[in-house]
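The primary structure of each chain is shown beneath.
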Amino acid sequence: MAGVLVIEDDDRIRLSLVLALEDEGYAVRGAASAEEGLEAQRAEPADTVLVDLMLPGMDGFECVREMRRHDDVPIVVVSARDDTHDIVAALEAGADDYLVKPVAVKELSARLRALRRRARALPTVMPRLVFGDLEILPDAGEVRLHGDPVAVTHTEFRLLCELAEHPGLVLSRQQLLQRVWEYEIGDERLVDVHVGRLRQKIEHDPRVPQRLVTVRGMGYKLQR
(Lines give C-alpha, C1' and ligand atoms only; values in the text may rest on other atoms or scores of the structure.)
Protein backbone atom coordinates (compact mmCIF):
# COMPACT_ATOMS: atom_id res chain seq x y z
CA MET A 1 0.00 0.00 0.00
CA ALA A 2 1.03 3.59 -0.57
CA GLY A 3 2.40 5.23 2.56
CA VAL A 4 1.17 8.68 3.58
CA LEU A 5 2.54 10.77 6.47
CA VAL A 6 0.12 13.36 7.90
CA ILE A 7 1.82 16.17 9.86
CA GLU A 8 -1.02 17.95 11.68
CA ASP A 9 -1.13 19.22 15.27
CA ASP A 10 -4.92 19.18 15.65
CA ASP A 11 -5.69 15.69 16.98
CA ARG A 12 -9.22 15.65 15.59
CA ILE A 13 -8.21 16.72 12.08
CA ARG A 14 -5.18 14.42 12.03
CA LEU A 15 -7.25 11.40 13.09
CA SER A 16 -9.99 12.18 10.57
CA LEU A 17 -7.45 12.42 7.75
CA VAL A 18 -5.74 9.21 8.82
CA LEU A 19 -9.03 7.28 8.99
CA ALA A 20 -10.38 8.74 5.73
CA LEU A 21 -7.19 7.95 3.79
CA GLU A 22 -7.05 4.46 5.29
CA ASP A 23 -10.56 3.95 3.91
CA GLU A 24 -9.15 4.98 0.52
CA GLY A 25 -6.55 2.19 0.76
CA TYR A 26 -3.51 4.08 2.03
CA ALA A 27 -1.19 3.08 4.86
CA VAL A 28 -1.19 6.26 6.96
CA ARG A 29 0.90 7.54 9.87
CA GLY A 30 0.32 10.72 11.84
CA ALA A 31 2.68 13.22 13.46
CA ALA A 32 1.66 16.07 15.79
CA SER A 33 4.59 18.40 15.03
CA ALA A 34 7.08 19.21 12.30
CA GLU A 35 9.91 17.78 14.36
CA GLU A 36 8.04 14.51 14.90
CA GLY A 37 7.12 14.35 11.23
CA LEU A 38 10.67 14.94 10.02
CA GLU A 39 11.97 12.22 12.32
CA ALA A 40 9.24 9.82 11.15
CA GLN A 41 10.09 10.48 7.51
CA ARG A 42 13.80 9.90 8.13
CA ALA A 43 13.11 6.66 9.98
CA GLU A 44 10.57 5.21 7.55
CA PRO A 45 10.02 7.28 4.38
CA ALA A 46 6.44 7.67 3.19
CA ASP A 47 5.46 7.94 -0.49
CA THR A 48 3.67 11.25 0.11
CA VAL A 49 3.60 13.79 2.94
CA LEU A 50 0.75 16.10 3.99
CA VAL A 51 1.78 19.16 6.02
CA ASP A 52 -0.28 21.74 7.91
CA LEU A 53 1.16 25.25 8.11
CA MET A 54 0.13 26.19 11.66
CA LEU A 55 2.31 23.79 13.65
CA PRO A 56 3.76 24.26 17.16
CA GLY A 57 7.48 24.97 17.25
CA MET A 58 8.77 24.69 13.68
CA ASP A 59 5.98 25.87 11.37
CA GLY A 60 4.83 24.17 8.17
CA PHE A 61 6.86 26.42 5.87
CA GLU A 62 10.13 25.51 7.58
CA CYS A 63 9.04 21.87 7.80
CA VAL A 64 8.62 21.77 4.01
CA ARG A 65 11.95 23.53 3.45
CA GLU A 66 13.77 21.16 5.81
CA MET A 67 12.21 18.06 4.26
CA ARG A 68 12.99 19.30 0.77
CA ARG A 69 16.66 19.72 1.65
CA HIS A 70 17.02 15.97 2.05
CA ASP A 71 14.04 14.36 0.36
CA ASP A 72 12.29 14.58 -3.01
CA VAL A 73 9.07 13.04 -1.65
CA PRO A 74 5.86 14.65 -3.00
CA ILE A 75 4.60 17.16 -0.43
CA VAL A 76 1.06 18.55 -0.21
CA VAL A 77 0.28 21.44 2.13
CA VAL A 78 -3.20 21.11 3.64
CA SER A 79 -4.10 24.29 5.49
CA ALA A 80 -7.00 26.53 6.48
CA ARG A 81 -4.94 29.51 5.32
CA ASP A 82 -6.14 30.47 1.84
CA ASP A 83 -4.31 33.77 1.38
CA THR A 84 -2.42 33.92 -1.92
CA HIS A 85 0.77 34.94 -0.11
CA ASP A 86 0.63 31.80 2.07
CA ILE A 87 -0.08 29.53 -0.90
CA VAL A 88 2.78 30.97 -2.94
CA ALA A 89 5.14 30.87 0.05
CA ALA A 90 4.35 27.20 0.68
CA LEU A 91 4.94 26.29 -2.96
CA GLU A 92 8.16 28.31 -3.03
CA ALA A 93 9.30 26.45 0.09
CA GLY A 94 9.11 23.26 -1.96
CA ALA A 95 5.56 21.92 -1.73
CA ASP A 96 4.18 20.25 -4.84
CA ASP A 97 0.56 21.15 -4.19
CA TYR A 98 -1.67 23.11 -1.80
CA LEU A 99 -5.19 22.30 -0.65
CA VAL A 100 -7.40 24.49 1.54
CA LYS A 101 -9.32 22.99 4.46
CA PRO A 102 -11.89 21.57 4.70
CA VAL A 103 -10.63 19.03 2.17
CA ALA A 104 -12.83 16.63 0.23
CA VAL A 105 -11.22 13.23 0.75
CA LYS A 106 -11.95 12.07 -2.80
CA GLU A 107 -10.19 15.15 -4.20
CA LEU A 108 -7.24 14.67 -1.85
CA SER A 109 -6.99 11.00 -2.82
CA ALA A 110 -7.05 11.91 -6.52
CA ARG A 111 -4.26 14.45 -6.00
CA LEU A 112 -2.20 11.89 -4.09
CA ARG A 113 -2.61 9.32 -6.86
CA ALA A 114 -1.49 11.85 -9.46
CA LEU A 115 1.54 12.84 -7.37
CA ARG A 116 2.55 9.21 -6.91
CA ARG A 117 2.14 8.44 -10.63
CA ARG A 118 4.42 11.36 -11.46
CA ALA A 119 7.00 10.37 -8.86
CA ARG A 120 7.11 6.76 -10.11
CA ALA A 121 6.87 7.51 -13.83
CA LEU A 122 9.67 6.10 -15.94
CA PRO A 123 11.72 8.69 -17.85
CA THR A 124 10.40 9.54 -21.28
CA VAL A 125 12.50 8.14 -24.11
CA MET A 126 13.86 11.41 -25.46
CA PRO A 127 17.26 12.52 -26.74
CA ARG A 128 19.47 14.97 -24.90
CA LEU A 129 17.99 18.43 -25.22
CA VAL A 130 20.31 21.43 -25.41
CA PHE A 131 19.35 25.07 -24.85
CA GLY A 132 22.70 26.87 -24.95
CA ASP A 133 24.59 25.89 -21.81
CA LEU A 134 21.48 24.17 -20.42
CA GLU A 135 21.27 20.40 -20.98
CA ILE A 136 18.28 18.20 -20.21
CA LEU A 137 18.80 14.43 -20.15
CA PRO A 138 15.30 12.92 -19.91
CA ASP A 139 16.45 9.29 -19.84
CA ALA A 140 18.84 9.98 -16.96
CA GLY A 141 16.50 12.36 -15.15
CA GLU A 142 19.21 15.02 -15.06
CA VAL A 143 19.54 18.74 -15.73
CA ARG A 144 22.93 20.39 -16.21
CA LEU A 145 23.96 24.02 -16.46
CA HIS A 146 27.50 24.78 -17.67
CA GLY A 147 28.07 21.03 -17.30
CA ASP A 148 27.21 21.07 -13.59
CA PRO A 149 24.19 19.16 -12.23
CA VAL A 150 21.12 21.20 -11.25
CA ALA A 151 19.01 19.89 -8.37
CA VAL A 152 15.35 19.86 -9.41
CA THR A 153 12.29 18.15 -7.95
CA HIS A 154 10.23 15.57 -9.84
CA THR A 155 7.63 18.21 -10.66
CA GLU A 156 10.20 20.76 -11.83
CA PHE A 157 11.85 18.13 -14.02
CA ARG A 158 8.55 17.11 -15.61
CA LEU A 159 7.67 20.76 -16.22
CA LEU A 160 11.03 21.45 -17.83
CA CYS A 161 10.81 18.34 -20.02
CA GLU A 162 7.29 19.23 -21.14
CA LEU A 163 8.42 22.68 -22.25
CA ALA A 164 11.64 21.30 -23.78
CA GLU A 165 9.67 18.80 -25.86
CA HIS A 166 8.03 21.78 -27.58
CA PRO A 167 10.82 24.35 -27.97
CA GLY A 168 9.51 27.78 -28.83
CA LEU A 169 5.88 26.65 -28.51
CA VAL A 170 3.70 28.50 -26.02
CA LEU A 171 1.93 26.20 -23.55
CA SER A 172 -0.87 27.66 -21.48
CA ARG A 173 -1.03 27.24 -17.73
CA GLN A 174 -4.04 24.96 -18.12
CA GLN A 175 -2.19 22.77 -20.62
CA LEU A 176 0.74 22.49 -18.23
CA LEU A 177 -1.56 21.60 -15.32
CA GLN A 178 -3.03 18.79 -17.41
CA ARG A 179 0.25 17.47 -18.80
CA VAL A 180 2.56 17.91 -15.80
CA TRP A 181 0.26 17.73 -12.77
CA GLU A 182 -2.39 15.54 -14.49
CA TYR A 183 -5.12 17.83 -13.14
CA GLU A 184 -8.11 18.57 -15.33
CA ILE A 185 -8.90 21.52 -13.06
CA GLY A 186 -6.37 23.14 -10.74
CA ASP A 187 -4.89 26.32 -9.37
CA GLU A 188 -2.77 27.98 -12.05
CA ARG A 189 -0.55 29.45 -9.34
CA LEU A 190 1.01 25.97 -9.15
CA VAL A 191 2.44 26.56 -12.61
CA ASP A 192 3.57 30.13 -11.96
CA VAL A 193 5.45 29.27 -8.77
CA HIS A 194 7.18 26.22 -10.27
CA VAL A 195 8.21 28.27 -13.30
CA GLY A 196 9.65 30.86 -10.91
CA ARG A 197 11.58 28.16 -9.04
CA LEU A 198 12.96 26.77 -12.30
CA ARG A 199 14.07 30.23 -13.38
CA GLN A 200 16.06 30.56 -10.15
CA LYS A 201 17.95 27.44 -11.17
CA ILE A 202 18.41 27.74 -14.94
CA GLU A 203 18.44 31.44 -15.78
CA HIS A 204 21.50 33.68 -15.53
CA ASP A 205 19.22 36.46 -14.28
CA PRO A 206 15.81 35.11 -13.14
CA ARG A 207 14.42 38.65 -13.14
CA VAL A 208 15.06 38.88 -16.89
CA PRO A 209 14.53 35.33 -18.13
CA GLN A 210 15.99 34.50 -21.54
CA ARG A 211 15.10 30.80 -21.77
CA LEU A 212 11.90 30.16 -19.85
CA VAL A 213 9.88 33.14 -20.96
CA THR A 214 6.35 34.37 -20.36
CA VAL A 215 4.12 35.15 -23.30
CA ARG A 216 1.64 37.60 -21.85
CA GLY A 217 -1.93 36.37 -21.89
CA MET A 218 -0.92 32.97 -23.30
CA GLY A 219 1.50 31.02 -21.11
CA TYR A 220 5.14 29.94 -21.11
CA LYS A 221 7.70 28.67 -23.58
CA LEU A 222 11.27 27.41 -23.47
CA GLN A 223 13.41 28.89 -26.19
CA ARG A 224 16.92 28.33 -27.43
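Above this note sits the structure.
Trainee: How would you explain the overall build of the protein chain if you had to name every residue and give the values?
Mentor: Along the protein chain, the regular secondary structure elements total eight helices and eleven strands. Taken over the C-alpha trace, the protein chain has a radius of gyration of 18 Å; the compact-globule value for 224 residues is 17 Å, and the two agree within 12%. Projected onto its principal axes, the C-alpha positions of the protein chain cover 50 × 35 × 30 Å. Within the protein chain, buried positions represent 49% of all 224 residues. For the protein chain, the proportion of contacts with a sequence separation of at least 24, taken over those separated by at least 6, is 56%. With the model as given, the accessible surface of the protein chain reaches about 10,800 Å², and the carbon-plus-sulfur share is 51%. The centroid of the 30 positive side-chain charges in the protein chain is displaced by 5 Å from the centroid of its 40 negative side-chain charges.

Trainee: So, the pairing of strand E11 (residues 219–222): which residues are in play, and what are the values?
Mentor: Pairing geometry for strand E10 (residues 212–215) and E11, over four bridges, is antiparallel. For Thr214, the partnering residue across the bridge sits in E11 and is Tyr220.

Trainee: Tell me what's going on with the sheet that holds strand E1 (residues 3–7), and back it up with residues and numbers.
Mentor: Across the sheet, which stays open at both edges, the five strands sit in the order E2-E1-E3-E4-E5 with parallel pairing between neighbours. Two strands in the sheet have a free side with no partner beyond their single neighbour: strand E2 (27–31) and strand E5 (97–100). On average, each strand axis in the sheet is tilted by 20° relative to the strand beside it, whichever way the strands run. Judged from the four bridges that link them, strand E4 (residues 75–79) and E5 form a sheet pairing that is parallel. In the sheet register, Val78 faces E5, and the bridge partner there is Leu99.

Trainee: Mind laying out the sheet that holds strand E8 (residues 142–145), listing which residues take part and the relevant values?
Mentor: Spatially, the four strands line up as an open sheet ordered E6-E7-E8-E9, and their pairing is antiparallel. Each edge of the open sheet is held by one strand with a lone partner, namely strand E6 (129–131) and strand E9 (148–149). Of the strand pairs in this sheet, strand E7 (residues 134–137) and E8 are connected by four bridges, and their pairing is antiparallel. Residue pairing across strands places Leu134 opposite Leu145, the latter belonging to E8. Docked against the sheet, helix H6 (residues 154–164) engages E6, E7 and E8, running at close to 105° with respect to E7.

Rules and cut-offs
Residues numbered from 1 in each chain as written. Predicted model: local features only at pLDDT ≥ 70, side-chain atom pairs only at ≥ 80, totals over all residues. Heavy atoms only, no water. Helix = DSSP H or I, 4+ residues; strand = E, 2+ residues; numbered from the N terminus. Rg over C-alpha atoms; globule rule 2.2 N^0.38 Å. Buried < 20%, exposed > 50% of the residue type's maximum accessible area, 1.4 Å probe, protein only. Contact = heavy atoms within 4.5 Å. Areas by Shrake-Rupley, 256 points an atom, 1.4 Å probe, with all protein chains shown as cover. Lys, Arg positive; Asp, Glu negative; His and termini not counted. Charge placed at Lys NZ, Arg CZ, Asp CG, Glu CD. Pairing = 2+ DSSP bridges. Axes fitted to C-alpha atoms, helices over the stretch in contact; angles between N-to-C directions.

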